Amino acid sequence: MDLTADQIQELENETVLLCQEMIRIPSVNYGEGKGDEKAMAEYVAAKLSEVGISSDLIETAPNRVNVVAKFQGRDPSRPGLVLHGHIDVVPANAEDWSVDPFSGIIKDGFIWGRGAVDMKDMDAMILATVRMWKRMDYLPPRNILLVFFADEEAAGDYGSRWLVKNRPEIFDGYSEAVSEVGGFSVTVTGDNRLYLIEAAQKGIQWMKLTAKGTAGHGSFINRDNSVTKISNAVAKIGNYEWPQLETKTNAKFFKKLAEVTEQEYDPKDVSPLLVHLGNATKMIGATISNTANPTMLEAGYKVNVIPQEASAFIDGRFLPGYENQLSKTIKDLVGEDIEIELLARDIALEVDFAGPLVDAMCSAIQSEDSTGIPVPYLMSGGTDNKALHDLGIIGYGFSPLKLPKDLDFFSLFHGVDERVPIDGLKFGVRVLANFLDNI
């Protein structure tokens, strides 16, 4: 698909406008079933309809709405590609922001607002690309399933997981998927730009720890104090140094990082290489080991009463292949007297960074940045690709952006003053269009 300069400019400008307009629709997900994507879903469906693309609005609960559309490819006999995004966003406290979080304002070369990077920027790139296709009567190489999910920010029970469980036929004939949190640049030592393509995700174990003791008056000596017990358990978990573990994705990532920074690669200790990642260290550093963070405490009802029970909540994340190690370590740390209840669990993912789809991603990036270096990376969180995995669909994170080297990109996810660089967004839609032309 050869685009003229005018067509490229139209594609870029529409992406910017769509991103702004979507940010102005506050599709906030408060969790625990409290969310509203209806207006956002209707907007997406209307933008598809404007160019003649029909779609289905699938409401899974009041105001929890998903959008599904099919785009025929040149060779429908090939397995298709799921191109998906989520249309919900986390809440934003306007008092903390320097701008209205739902303004979509352009300032200092950025589009500002909740969802600018998570993930209405990618939603805009997808919409702008398929709208251009329709105006040009273009067909991609194979079938594309467009899905704009609800409820990604709260585990997908009304979005991807609901559709996979209740409408699996929607995904029949599709073998691969592409979505968020990948394909963005990180500038490392030596001004080398790595483009991180998500090929793996940590799994989740959310746990409730409960300590039981003897209730009594706060003025008495009590050696069987539940609060003391749970505090000791929390301290052991919070202060534990988790051992580094190698995964196939991180092996490729850190070998390339060592190569471009001219450092030694030691698979048993990659921590010295983290210094070369700048602001990305926060995310990548969390992927070289399992982790478990105490996040909430519950105990007591009056200051002079020692409670019979005290609880703590732990956010555990495990690397692909190392779930059992996480569980065993937590049990060993807290001891037999602490009850452990598994509140939520989700799988870890890891796919091969190889094959025609990956080649198309790498080629698309280098078509716009000839010195850019595509690499796989392991994400500390998760995406809707985990739900699609249950159907045997292989998923990657590829929402390309070229970022300023000093931008603390990862802090913008769910952060205050979330924003996306306009130049980076325009770069991203050019890369995405190139990629989809070669799948």
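Residues numbered from 1 in each chain as written. Predicted model: local features only at pLDDT ≥ 70, side-chain atom pairs only at ≥ 80, totals over all residues. Heavy atoms only, no water.

Asker: Please explain empty space enclosed by the protein as it appears in this structure.
Answerer: Summary: where empty space remains is shown by rolling a probe the size of a single water molecule over the atoms. Throughout the structure, instances matching the rule amount to two cavities of 30 Å³ or more. Among the residues making up the lining of the largest cavity, the classes are represented as seven nonpolar, two polar and one charged. In this structure, the second largest cavity encloses a volume near 50 Å³. (1 Å grid on protein atoms, 1.4 Å probe; cavity = no way out; pocket = protein on both sides within 12 Å on 5 of 7 lines; lining within 4 Å. Points joined across faces, edges and corners; volume = space filled by probe spheres on them. Nonpolar A, V, L, I, M, F, W, Y, C, P; charged D, E, K, R; others polar.)

Asker: For this particular structure, what's the right way to read the sheet that holds strand 12 (residues 203-212)?
Answerer: The strands making up a sheet associate through backbone hydrogen bonding, with each pair oriented either parallel or antiparallel. In space, the four strands of this open sheet follow the order 14-16-12-17, with antiparallel pairing throughout. Looking at which strands have only one partner, the edges of the open sheet turn out to be strand 14 (291-299) and strand 17 (339-346). Averaged over all pairs of adjacent strands, the angle between their axes in this sheet comes to 20°, without regard to strand direction. Note: strand 12 against strand 16 (residues 309-318), ten bridges, orientation antiparallel. Bridge pairing links Leu-209 to Ala-312 in strand 16. (Pairing = 2+ DSSP bridges. Helix = DSSP H or I, 4+ residues; strand = E, 2+ residues; numbered from the N terminus. Axes fitted to C-alpha atoms, helices over the stretch in contact; angles between N-to-C directions.)

Asker: Please clarify how the layout of surface pockets should be interpreted in this entry.
Answerer: Taken as a whole, the largest pocket encloses approximately 1,300 Å³ of empty space. The wall of the largest pocket is formed by 39 residues, among which Ile-204, Trp-206, Arg-317, Gly-381 and Gly-382 lie closest to the centre. Elements supplying a minimum of two residues to the lining of the largest pocket: strand 1 (29-31), helix 4 (160-166), strand 12, helix 7 (281-284), strand 14, strand 16, strand 17 and helix 10 (385-389). For the lining of the largest pocket, the class distribution of residues is 14 nonpolar, ten polar and 15 charged.

Asker: I'm lost on the packing of helix 3 (residues 120-136) against helix 11 (residues 422-436) in this one. Help?
Answerer: Packed helix pairs are characterised by how far apart their axes lie and by the angle those axes make with each other. Between helix 3 and helix 11, the least distance of the axes is 10 Å, while the angle of their chain directions is 50°. The orientation of helix 3 with respect to helix 11, classified from their angle, is oblique. When the axes of helix 3 and helix 11 are compared, the crossing they make is right-handed. Counted together, Asp-121, Met-122, Met-125, Ile-126, Thr-129 and Trp-133 of helix 3 and Leu-425, Gly-428, Val-429, Leu-432, Ala-433 and Leu-436 of helix 11 form the full contact between these two elements. Here the residues of the contact of helix 3 with helix 11 are counted per class, giving nine nonpolar, two polar and one charged. (Parallel < 35°, antiparallel > 145°, perpendicular 65-115°, else oblique. Left-handed = near helix turned anticlockwise from the far one by under 90°. Contact = heavy atoms within 4.5 Å.)

Asker: Any chance you could explain the pattern of salt bridges here in plain terms?
Answerer: Close approach of charged atoms allows side chains of opposite charge to pair. Inspection of the entire model under this criterion finds 24 salt bridges. Note that Lys-212 is salt-bridged to Glu-309, the shortest N-O span being 4.0 Å. Of this pair, Lys-212 sits in strand 12 while Glu-309 sits in strand 16, and the two are 97 residues apart along the sequence. Residue Lys-212 is classed as partly exposed on the basis of its relative accessible area, which comes to 42%. (Salt bridge = Lys/Arg side-chain N within 4 Å of Asp/Glu carboxyl O. Buried < 20%, exposed > 50% of the residue type's maximum accessible area, 1.4 Å probe, protein only.)

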